[in-house]
Amino acid sequence: MEFGITFKGFVDAERARYLVRAAEYAGFSYCWFYDSHILWRDCYAAIAMCMEHTTKMRFGPLVTNPDVRDWSVAASIFGSLSKQSGGRFDLAVGRGDSSMRVMGKKPATLARVADFIAKTKAMVRGEEVSYGEIPAPVTFPWAVGHDMPSWVAAYGPLALKTAGQHADGVVLQLADPGLCKWFTDQCIAAGKEAGRDMSNYRSMAAAPAYFGDRKRAIEHVKWFPAMVGNHVADIVEKYGTESGQVPESLTSYIEKRRGYDYSKHGQADNPFLDFITDDVVESFCVLGEPDEHVAKIRQLEAAGVTQFNIYLDSGDEEEIIAGYGRNVIPAFR
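Cut-off values and rules
- Residues numbered from 1 in each chain as written.
- Predicted model: local features only at pLDDT ≥ 70, side-chain atom pairs only at ≥ 80, totals over all residues.
- Heavy atoms only, no water.
- Helix = DSSP H or I, 4+ residues; strand = E, 2+ residues; numbered from the N terminus.
- Buried < 20%, exposed > 50% of the residue type's maximum accessible area, 1.4 Å probe, protein only.
- Contact = heavy atoms within 4.5 Å.
- Areas by Shrake-Rupley, 256 points an atom, 1.4 Å probe, with all protein chains shown as cover.
- Axes fitted to C-alpha atoms, helices over the stretch in contact; angles between N-to-C directions.
- Parallel < 35°, antiparallel > 145°, perpendicular 65-115°, else oblique.
- Nonpolar A, V, L, I, M, F, W, Y, C, P; charged D, E, K, R; others polar.
- Salt bridge = Lys/Arg side-chain N within 4 Å of Asp/Glu carboxyl O.
- Pairing = 2+ DSSP bridges.
- Phe/Tyr/Trp six-rings, centres within 6.5 Å; stacked < 30°, edge-to-face > 60°.

A. Quick look at the overall build of the protein chain. For the protein chain, the helix and strand inventory stands at 13 helices and 10 strands. The buried share among the 333 residues of the protein chain stands at 56%. Counted over contacts in the protein chain with a minimum sequence separation of 6, partners at least 24 positions apart contribute 75%. Carbon and sulfur atoms provide 50% of the accessible area of the protein chain, an area that totals close to 13,600 Å².

Quick look at the structure:
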């Protein structure tokens, strides 16, 4: 099991450097950053900074999308970060939920997500690439052949199929073992159907973690199921609640959802949290004493999850990193 942390773009630079050093020392192997350039500061400047303060930790956006930057610009950023860090960069891509909608634009199609991954990976490797927005092929003369690992954020059937057929791993924004297995199995089945070797396919459960008193913990992480519910609402609108293509356990909790404020995306003061129950919070997050964290992550591991990634956005960040370093990560080594 790999362990990661995720920062939002408003984390102070000095604090980010301190926390990422602490996390690497504690045994975390990944650090991810939200990529939503209007809501938060640009993530790639922060990634470059944190790379200089670590030696082994891998970095990437969680997640970027195909429509917010020209593809050659995006690939140049990815390749530059990979080159200067010795290959410590992963690419995670979604349709562009918050990043595009906060500008009044629609998210990208899944076909475009798949094409974006293929073309940017090829540019980072140094290959000659053509894509729709340019009249002439692009080649980076400075590329050194890095093969950039790729991930796709997914919930719905078509997104899971895209993740299985076109990426090295899937990003699942929840830590419910049953749902993680349901999603991961679909990705693996889709990849096998396409003739891919899925023996090393990766699955990330990305969710908040919090130690201690249950009531206090739930209040600190209640923002997270609301953020997930925003994505699930899109899936329900497309597939319905009784199609069999989306689990009832995932769709039922959004029945009383009233809306979502993108200006408060992923934040505890989002006004649309009243539909979230304690049971949903406990299901989607990892809470309690260290032994309870270990037990749930073992369930995730059995469900096919290969990385538990903590959204480090709920307070007590030092304690969470230290607690995982002392009591949780060693249980998986």
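B. A look at the packing of helix α2 (residues 43–51) against helix α3 (residues 71–85). Running from amino to carboxyl end, α2 crosses α3 at an angle of 5 degrees, the nearest separation of the two axes being 10 Å. By the criterion of interaxial angle, the relationship of α2 to α3 is roughly parallel. In this structure, α2 uses Y44, I47, A48 and M51 to contact α3, whose residues at the interface are I77, F78, L81, Q84 and S85. For the contact of α2 with α3, a count of residues per class yields seven nonpolar, two polar and no charged.

C. Highlighting the pattern of salt bridges. Taken as a whole and judged by the stated rule, the model has 18 salt bridges. Here D35 makes a salt bridge to R69, at a shortest N to O gap of 3.1 Å. In this pair, D35 sits in the loop between β2 (30–33) and α2 while R69 sits in the loop between β3 (58–61) and α3, placing the two residues 34 residues apart along the sequence. The two residues D35 and R69 agree in class, both being buried. Among the salt bridges present, the one from D147 reaches K121, with a minimum N-O distance of 3.5 Å.

D. Broad picture of the environment of Q84. In this fold, Q84 is placed in helix α3. Relative accessible area serves as the criterion here: at 46%, Q84 is assigned to the partly exposed category. Among all residues touching Q84, those that are not within four sequence positions of it are A48 and E52.

E. Structural detail: unusual backbone geometry. Residue V63 is reached from L62 by a cis peptide bond, and omega for that bond is -5 degrees. On the secondary structure map, V63 appears in the loop between β3 and α3. Despite not being glycine, D316 shows a phi value in the positive range, around 55 degrees. Considering the arrangement of structural elements, one finds D316 in the loop between β10 (307–311) and α13 (317–328).

F. How the structure looks around the pairing of strand β7 (residues 202–207). Counting buried residues along β7, six of its six residues qualify, which places the element largely inside the surrounding structure. Side chains R202, M204 and A206 project from β7 onto one buried face, and the interleaved S203, A205 and A207 project onto a second face that is buried too. Where strand β6 (residues 169–172) meets β7, four bridges bridge the pair, whose relative direction is parallel. When the bridges of β7 are listed, V171 appears paired with M204.

G. A look at the packing of aromatic side chains. Here the structure, examined in full by the defined rule, presents 23 aromatic pairs. Ring geometry for Y30 and W151: centres 6.5 Å apart, planes at 85 degrees, overall edge-to-face. You can see Y30 sitting in strand β2 and its partner W151 sitting in strand β5 (residues 150–153), a full 121 residues away along the chain. Accessibility assignment for this pair places Y30 and W151 in one class, buried. With 4.9 Å between their ring centres and 10 degrees between their planes, F140 and W142 make a pair best called stacked. For F140, a relative accessible area of 10% corresponds to the buried category. Given a relative accessible area of 30%, W142 falls into the partly exposed group.

H. Looking closely at the sheet that holds β7. With respect to topology, eight strands assemble into an open sheet ordered β3-β2-β1-β10-β7-β6-β5-β4, the strand pairing being parallel. The open sheet is flanked by β3 and β4 (91–93), the only strands paired with a single partner. When strand polarity is set aside, the average angle formed by the axes of neighbouring strands in this sheet is 25 degrees. Examined bridge by bridge, β5 and β6 share three bridges and lie parallel to one another. Paired with V152 across the strands is V170, a residue of β6. On top of the sheet, helix α7 (residues 177–193) reaches β6 and β7; it is set at about 155 degrees to β6, its chief contact.

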